[in-house]
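These are the residues of each chain, in order.
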Amino acid sequence: MKPPALIVGGGLAGLLAAHRLHQAGIGFVLLEARGRLGGRILTADVGQALADEGFDLGPSWFWPDIQPAMGALVAELGLPVFEQHADGDMLFERVRGEPPRRLQGMRQEPPSMRIAGGTGALVAALAAGLPASCIRLGARVTRVALGGAELEVGFVDGQGRAQSLAASDVLLALPPRLLAATVEFSPALDAATARNWRDTPTWMAPHAKFLALYDRPFWREAGLSGSAQSSLGPLVEIHDASTASGRAALFGFVGVPAGPRAQYGEAAIVDAAVRQLARLFGPEAGAPRATLFKDWAADPLTATADDAEAGEHPVSGGLAPVPRGWQQRLWLAGSEAARRDAGYLAGAVDAAEQAVTALLARRASAP
């Protein structure tokens with residue numbers, strides 16, 4: 001009996017790879033270092049790490065008109081979607097001490113779409129169809145070794161114990177920069193590949209996201225879309241984050257770099273963000289019923305020291321392939337490895353589909 005394929009990473013790419021292997025009747029084990037599935041997809045609510053209907057602290061949007069594979073997956077899983085609210089005027093904050101400028105909003109084409117319940121609904125739908133016995137949470141991979149007909153994957157389990165598994169194929173559904181920094185390869189990656197992986201930006205890693213939750217979307221009553229841009233900060237880009245069921249929220253990307261964010265601390269940044277929302281949207285915005293904050297640069301399962309400074313977006317097709325000797329055994333399946341839409345949800349779909357297709361073709365041709 002062949003050993004199973006092994007998937008490293010339980011985000012969208014890893015879960016989709018597991019889903020496709022399971023559909024094809026291929027045994028697999030998925031190792032996820034976190035105590036939850038989803039990776040950089042995190043749909044949360046007040047007091048909860050995860051929520052069936054919550055607010056996205058990671059990615060929220062996709063564009064099915066220009067990302068057909070992502071749209072097809074959402075349709076395949078039967079997930080309802082809705083359009084990002086953008087009706088109304090936008091606000092622009094440029095000069096300290098002056099009121100924000102209010103300009104007529106422009107409809108985005110194609111519109112940004114969201115999944116009802118939050119992007120976490122995508123994670124839940126994929127996980128629901130997988131055998132629970134094939135998923136191991138709290139399993140942090142530390143080593144991948146090539147030896148004979150099998151690969152050996154070493155990991156530390158949730159109790160801190162060193163363990164290993166043999167696998168016929170390994171799909172790496174993690175950011176390449178994180179792989180280069182945290183996983184030992186034997187034989188070692190050549191210098192050029194290791195450098196390319198380290199130089200590939202990790203989507204979301206330098207960023208932080210803030211949400212303010214309200215009893216109602218009062219900005220809409222004032223003819224505002226909830227969208228704003230600011231050169232003053234701490235939030236540089238703000239949007240309506242209200243859910244499909246009408247739970248009201250605004251979210252913003254924090255423009256303060258990772259180093260200063262760590263020095264100021266979460267409480268100071270949240271306080272400044274709330275005061276900024278009041279400056280933009282009026283006193284009611286200064287009294288949210290709750291706030292949520294996620295600093296991805298402070299998450300060691302997402303970011304490395306190289307992610308402290310915001311860099312360029314990952315380039316589609318720009319990741320070096322696995323070195324000779326590892327080929328047809330080790331497969332890059334994370335979003336940054338995508339041929340198109342690298343660094344987006346759609347990129348995770350593209351990379352996972354590509355890796356699984358190649359793996360299945362290799363297995364079909366093997367004696």
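Residues numbered from 1 in each chain as written. Predicted model: local features only at pLDDT ≥ 70, side-chain atom pairs only at ≥ 80, totals over all residues. Heavy atoms only, no water.

Novice: Summarise the packing of aromatic side chains; cite the residues concerned and give the values.
Specialist: Inspection of the entire model under this criterion finds 8 aromatic pairs. Taken together, a centroid distance of 5.8 Å and an interplanar angle of 70 degrees make the contact between Tyr214 and Trp219 edge-to-face. Each member of the pair, Tyr214 as well as Trp219, carries the same accessibility label: buried. Ring centres 5.0 Å apart and planes at 80 degrees place the aromatic pair Phe218 and Trp219 in the edge-to-face group. You'll find Phe218 and Trp219 in the same group, each marked buried. A network of ring pairs unites the aromatic residues Trp61, Phe251 and Phe253 as a single cluster. Its end group placed over the ring of Phe251, Lys209 keeps NZ or CZ at 4.4 Å from the ring centre. (Phe/Tyr/Trp six-rings, centres within 6.5 Å; stacked < 30°, edge-to-face > 60°. Buried < 20%, exposed > 50% of the residue type's maximum accessible area, 1.4 Å probe, protein only. Lys NZ or Arg CZ within 6 Å of the ring centre and 35° of its normal.)

Novice: Account for the pattern of salt bridges, naming residues and giving values.
Specialist: Summed over the entire model, instances satisfying the criterion amount to 22 salt bridges. The partner of Glu336 in a salt bridge is Arg40, and the shortest N-O contact between them spans 2.8 Å. On the criterion of sequence distance, the pair formed by Glu336 in the loop between strand E20 (330–332) and helix H9 (345–365) and Arg40 in the loop between strand E2 (28–32) and strand E3 (43–44) is long-range, its members being 296 residues apart. When sorted by exposure, Glu336 lands in the same class as Arg40, which is buried. For Arg220, the salt bridge is made with Asp240, and the minimal N-O distance between the two is 3.0 Å. Here Arg220 is found in helix H6 (residues 218–221), whereas its partner Asp240 is found in strand E17 (residues 235–240), with 20 residues between them in sequence. The partly exposed category is assigned to Arg220, whose relative accessible area is 35%. If you follow the salt bridges from partner to partner, you end up with Glu32, Arg34, Lys294 and Asp299 in one network. (Salt bridge = Lys/Arg side-chain N within 4 Å of Asp/Glu carboxyl O. Helix = DSSP H or I, 4+ residues; strand = E, 2+ residues; numbered from the N terminus.)

Novice: Which residues make up the nonpolar core, and what are the values?
Specialist: Of all hydrophobic cores here, the largest spans 56 residues; its most connected members are Leu12, Leu21 and Leu171. If we skip the residues at most four places from it in the chain, Leu21 touches Ala5, Ile7, Ile26, Phe28, Leu171, Val356, Leu359 and Leu360. Of all hydrophobic cores here, the second largest spans 29 residues; its members include Val8, Val144, Ala167 and Ala194. (Core = buried A, V, L, I, M, F, W, Y, C linked by side-chain atoms within 4.5 Å. Contact = heavy atoms within 4.5 Å.)

Novice: Please set out the side chain of Thr302 residue by residue, giving values where relevant.
Specialist: Considering the arrangement of structural elements, one finds Thr302 in the loop between strand E19 (290–295) and E20. There is a polar contact of 2.7 Å between the side chain of Thr302 and the side chain of Arg34. The residues contacting Thr302, other than those within four sequence positions of it, are Arg34, Arg40, Leu178, Thr202, Ala205, Trp296 and Asp307. (Polar contact = N/O pair within 3.5 Å; in protein donor to acceptor, adjacent residues only side chain to side chain.)

Novice: Report on helix H2 (residues 68–76), specifying residues and quantitative values.
Specialist: Of all the residues in H2, the buried ones are Met70, Gly71, Leu73 and Val74. Angular distribution of buried residues about the axis of H2 spans 160 degrees; they occupy a single face of the element. Where H2 is buried, its residues touch helix H1 (12–23), strand E5 (81–83), strand E8 (113–115), helix H3 (120–128) and H9. In the segment just after H2, Gly78 is the residue with positive phi, at about 70 degrees. (Arc of directions from axis to C-beta.)

Novice: Go over the layout of surface pockets with me, naming the residues and quoting the values.
Specialist: Its volume calculated, the largest pocket comes out at about 1000 Å³. Around the largest pocket, the lining comprises 50 residues; the ones closest to its centre are Trp61, Glu237, His239, Phe251 and Phe253. Secondary-structure elements contributing two or more residues to the lining of the largest pocket are strand E16 (224–230), E17, strand E18 (248–254) and helix H7 (258–264). When the residues that make up the lining of the largest pocket are grouped by side-chain class, the tally is 23 nonpolar, 16 polar and 11 charged. Here the second largest pocket is characterised by a volume of approximately 430 Å³. If you trace the second largest pocket, you find 33 residues lining it, with Arg34, Ala173, Leu174, Pro175 and Leu301 closest to the centre. Of all the elements in the fold, those that place two or more residues in the lining of the second largest pocket are H1, E2, strand E10 (140–147), helix H4 (176–182) and H9. A per-element tally of the lining of the second largest pocket places H1 first, with 3 residues. Taken together, the residues that form the lining of the second largest pocket break down as 19 nonpolar, 10 polar and 4 charged. (1 Å grid on protein atoms, 1.4 Å probe; cavity = no way out; pocket = protein on both sides within 12 Å on 5 of 7 lines; lining within 4 Å. Points joined across faces, edges and corners; volume = space filled by probe spheres on them. Nonpolar A, V, L, I, M, F, W, Y, C, P; charged D, E, K, R; others polar.)

Read these as spatial facts, not as claims about activity.
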